[in-house]
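What the coordinates show
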Amino acid sequence: MSSGRPEYKSKTLSGLEKAVVPGNRYQVDSTLQLQKYSSVYAIGDVAAMVSDDLPKGHPMLASVASQQAAFLAKVFLDPQKNGAAAFHYKDMGTLATIGRNKAVADLGGFKFHGTFAWFLWMSVHLMLPAGFRNRLVTLLDWAWNYISYDRALRLIIRPFKK
Ligand SMILES: Cc1cc2nc3c(=O)[nH]c(=O)nc-3n(C[C@H](O)[C@H](O)[C@H](O)COP(=O)(O)OP(=O)(O)OC[C@H]3O[C@@H](n4cnc5c(N)ncnc54)[C@H](O)[C@@H]3O)c2cc1C
């Protein structure tokens, strides 16, 4: 008897592994489509838009992933742009937290680190979740981790199959 739900069948794209470049990322062209499969897109950490300037693709950063997502959303909503528009990353600098009260910043060539960079990292990343509720939940989560010294292990342990 049918449950009324659509049935999803797993389909493997033949030769997909050939689209993978060193770093285990899919090579995409400037429209973010897989080199060998038009209409199949990859963005964020799994995508490498290899060019002469970026032989390894863009850095694996949240800002790259979110700009690519916004770009693709526009492309999908405007069929005329599909396959025609090229993605360009707007580098607004890099912020990375490297520990408790510690972060590094590289903003327009201005590099600094320490507590101020950490506060800046928090302020910027607190603005990224959509909506006030998500920001508040993130802030409370961070506050709890800070006072409880909660350091959840962020490792996924499973057999690696190639
Ligand atoms: C410890 C750490 C610190 C970082 N700090 C920074 C930083 O300070 N600044 C910065 O810009 N970037 C930072 N990054 C990098 C940033 O997190 C990534 O570049 C960004 O999250 C990439 O976004 P994404 O959407 O490609 O992948 P993800 O954010 O990893 O999202 C992928 C999603 O897909 C889901 N998923 C995976 N497999 C499946 C499946 N088979 N079916 C359904 N869902 C699936 C995952 O659960 C996940 O939710 C950090 C990364 C790490 C690990």
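The structure reproduced in this document is the subject of the present report. Everything quoted here is computed from the prediction, not taken from an experiment. (Residues numbered from 1 in each chain as written. Predicted model: local features only at pLDDT ≥ 70, side-chain atom pairs only at ≥ 80, totals over all residues.)

Below, the discussion takes up the site of the ligand. Around the ligand, a shell composed of 11 residues is seen, among which G44, D45, L61, A62 and A65 lie nearest. Of all elements in the fold, only helix 1 (62–77) and strand 6 (94–99) reach the threshold of two or more residues within the shell around the ligand. Taken together, the residues of the shell around the ligand sort by class into 6 nonpolar, 3 polar and 2 charged. Taken together, domain 1 (17–91) and domain 2 (93–149) each give at least three residues to the shell around the ligand, which thus spans both. (Near = placed C-beta within 6 Å. Helix = DSSP H or I, 4+ residues; strand = E, 2+ residues; numbered from the N terminus. Nonpolar A, V, L, I, M, F, W, Y, C, P; charged D, E, K, R; others polar. Domains from an automatic or database assignment.)

Time to look at the nonpolar core. Counting 11 residues, the largest nonpolar core is built from Y26, V28, L32, A42, I43, A47, A48, M49, L72, V75 and F87. If you list the elements that add at least two residues to this core, you get strand 5 (47–48) and helix 1. Every residue in contact with A42, bar those within four places of it in the chain, is listed here: Y26, V28, L32, L34 and A47. (Core = buried A, V, L, I, M, F, W, Y, C linked by C-beta atoms within 7 Å. Buried ≥ 20, exposed ≤ 12 C-beta atoms within 10 Å, placed from the backbone. Contact = placed C-beta atoms within 7 Å.)

Turning our eyes to something else, we now look at the sheet that holds strand 7 (residues 102–107). In any sheet, the strands associate via hydrogen bonds between backbone groups, in a parallel or an antiparallel arrangement. Taken together, 3 strands build an open sheet; the order of strands is 6-7-8 and the sheet is antiparallel. Of all the strands in the sheet, the pair left with one neighbour each is strand 6 and strand 8 (110–113). Each strand of the sheet is rotated relative to its neighbour by a mean of 10°, with strand direction disregarded. Here 4 bridges tie strand 7 to strand 8, and the two strands are oriented antiparallel to one another. The residue bridging V104 from the neighbouring strand is H113, located in strand 8. Across the face of the sheet, helix 2 (residues 115–126) comes into contact with strand 6, strand 7 and strand 8 while running at roughly 75° to strand 7. (Pairing = 2+ DSSP bridges. Axes fitted to C-alpha atoms, helices over the stretch in contact; angles between N-to-C directions.)

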